[in-house]
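Understanding the architecture of this molecule
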Amino acid sequence: MKHDVKDIGLAPSGKDRIEWADDRMPVLRSIRDRFSKDKPLSGIRIGACLHVTTETANLMRALAAAGAEVALCASNPLSTQDDVASSLVADFHVPVFAIQGEDNDTYYQHIHNVLDFNPQITMDDGADLVSTLHSARDDVLEHVFGGTEETTTGVIRLRSMEKEGVLKYPIVAVNDAETKHLFDNRYGTGQSTIDGILRATNVLLAGSIVVVAGYGWCGRGVAMRARGMGSHVIVLEVNPVKALEAAMDGFTLMPVAEAAEIGDVFITLTGNIAVLRKEHFEKMKDGAIVANSGHFNVELDIESLEEIAAKKKTVREHVVQYLLPNGRRINVLGEGRLINLAAAEGHPASVMDMSFSNQAFACEYLVSQHASLKNEVVRLPERIDHEIAALKLATMDYRIDSLTDQQERYLASWKHGT
Ligand code: ADE
C-alpha cells in the first residue's frame, strides 16, 4: 500500500490516542456500527484532505467500515499528528500522505498522491483538494460524482467557483449544517484556540487585553472563552450587524488601528487576508502576542513583519520573536498557521463527533442522491441535523420533550390569532 508518513514506528502511540478519541465520539461510533452492517459506501473511493488528527482517524474508520476505500492527505502542512498518520497506515490500512511540517511542494505532492487514487468523492477542509483537481487534474474529474467541504473558508471558495460556473460536481457544505458550525466553530475553535495559545506561550490570560478579529461563529467562541479566562476582550468586525451583536454581547468594539496599540494578545479569525499589517505591528506594545486561528495563514501579513524586523529568533517551540527598529518585540505563534492545530490538537473529539457524523452522512447522501444534484454547493437535509443532535443528546443522557398533538396543530394553522 502506498503511503508517505514520518515514521511508521510511531503507530502504537497513534493507536492509543485514536482509541481515546473514539471513546469521546459516540455518535460517529453508532454510525460506524450501522455502516459496518449496511455497507452504504461499498466500493466507493473517497479522497480526503483533512487535518490528520485522532478525530479524523475515526472518521476514516467509519468510512472504511461502510465499505469505502479511503486515501488521506493533510489539509494544512502543520496540522498532521505523525503518530496518527502512522497508525492509520499500520493498524487501519488507510493510505496516508502527510508529514507534520512538510513544505509547500510536499503538501501539494501529497494532494496529488490522493488524486492518483481516482476518488469518486472528494472530502475537503479548505478546498485545496477540489481546487487542485479543477485546476491541474481534470483527468480525475470523470470519476468524481460529489464532494464534501468541512469549513467556512472552503465553502466560500466553492461558492465562488459555483458563481463563476466552474464547479464540476455537487459539493455538500458540511460546514453549513447546524450541528457543525454552531458547535465545532464556536465551542471547538473557542476552546482549542485558547488551548493552542496557552500551550505555545503559557501566558496568564486573566487581566490581559485580548483582541479578537472577526465575530463569526469562530470569533464568537474565542471571545466568549477569552472572557471566561478573565481577559478584557476587544472585538474587531467589519460587518455592522455582527459588530452590533458583539457590542450587545458585552464586548468592546474598535477599529484595528486603535486596538493595535493596546492589545496583549491578538487572534485573527476572519477568513480574510492581511488583517494585521505592517502599520499595526509598528504600533503594538513590546511583547505583544499575535496568532491566527482562521483556516489559511494569510490573516497576518508576516511578509511585512519580516521586512521591517531588524532580527528574528525562535524563543520557544511555536513562537518566533521579531525585533522591530523601535525596540519592541512581537511574538508570532505557529508561523501564522491555525494555532489550534499547529500548537495544540485541534478541536476536542466530542465536538468533532458531530462534525464528522455530518461528513459520514454526507457521503451516504451523495451516493444515493448525486444524480439529482446540480453542480452546486448544497446543504444536508435538516432531518440529518436533527438526527445527529438527538443522538448526541442521548449520549449525554439528556432527554427533551416533543410537541403535543395540539401544539403540532397550532403551529400548522394560520387561523389562531389574538
Ligand atoms: N479541525 C479542527 N479541529 C480538528 C480536529 N481535531 N480534527 C480534524 N479537523 C479539525
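What comes next concerns the included structure. (Residues numbered from 1 in each chain as written. Predicted model: local features only at pLDDT ≥ 70, side-chain atom pairs only at ≥ 80, totals over all residues. Heavy atoms only, no water.)

Turning next to the state of the cysteines. Here the structure, examined in full by the defined rule, presents zero disulfides. The closest cysteine sulfur to the non-disulfide-bonded C73 is located on C49, 3.9 Å from its own sulfur. Accessibility expressed as a relative area gives 0% for C73, which makes it buried. Not part of a disulfide, C218 finds its nearest cysteine sulfur in C49, a span of 18 Å. (Disulfide = S-S within 2.5 Å. Buried < 20%, exposed > 50% of the residue type's maximum accessible area, 1.4 Å probe, protein only.)

Time to look at the sheet that holds strand β12 (residues 311-316). The strand order across the open sheet built from eight strands is β9-β8-β7-β10-β11-β14-β13-β12, with neighbouring strands paired in mixed fashion. This sheet does not close on itself; its edge strands, each paired only once, are β9 (252-253) and β12. Where strand β7 (residues 209-213) lies against strand β10 (residues 265-268), four bridges are found, and the strand directions are parallel. Considered in β10, the bridge of V210 is made with V265. (Pairing = 2+ DSSP bridges. Helix = DSSP H or I, 4+ residues; strand = E, 2+ residues; numbered from the N terminus.)

This part takes up the side chain of H134. Secondary-structure assignment places H134 in helix α6 (residues 128-136). When neighbours within four sequence positions are excluded, H134 is seen to be in contact with M161, V166, L167, K168 and Y169. (Contact = heavy atoms within 4.5 Å.)

The ligand sits among H51, T53, E55, T56, L341, E345, G346, H347, M352 and F356. One of the side-chain nitrogen or oxygen atoms of T53 is found 2.6 Å away from a nitrogen atom of the ligand. In this structure, a nitrogen atom belonging to the ligand sits 2.9 Å away from a side-chain N or O atom of E55. Expressed as a share of its isolated accessible area of 260 Å², the protein-covered part of the ligand is 95%. Where the shell around the ligand is concerned, the elements lending two or more residues are α3 (54-65) and α16 (349-369). Split by residue class, the shell around the ligand holds three nonpolar, five polar and two charged. (Near = heavy atom within 4 Å. Polar contact = N/O pair within 3.5 Å; in protein donor to acceptor, adjacent residues only side chain to side chain. Areas by Shrake-Rupley, 256 points an atom, 1.4 Å probe, with all protein chains shown as cover. Nonpolar A, V, L, I, M, F, W, Y, C, P; charged D, E, K, R; others polar.)

Here we come to unusual backbone geometry. Positive phi, close to 55°, is recorded for H93, a residue that is not glycine. By the secondary structure assignment, H93 is in the loop between α4 (82-90) and β3 (96-97). For D397, which is not glycine, the phi torsion reads 65° and is therefore positive. Position of D397 relative to the elements: it lies in the loop between α17 (382-395) and α18 (405-412).

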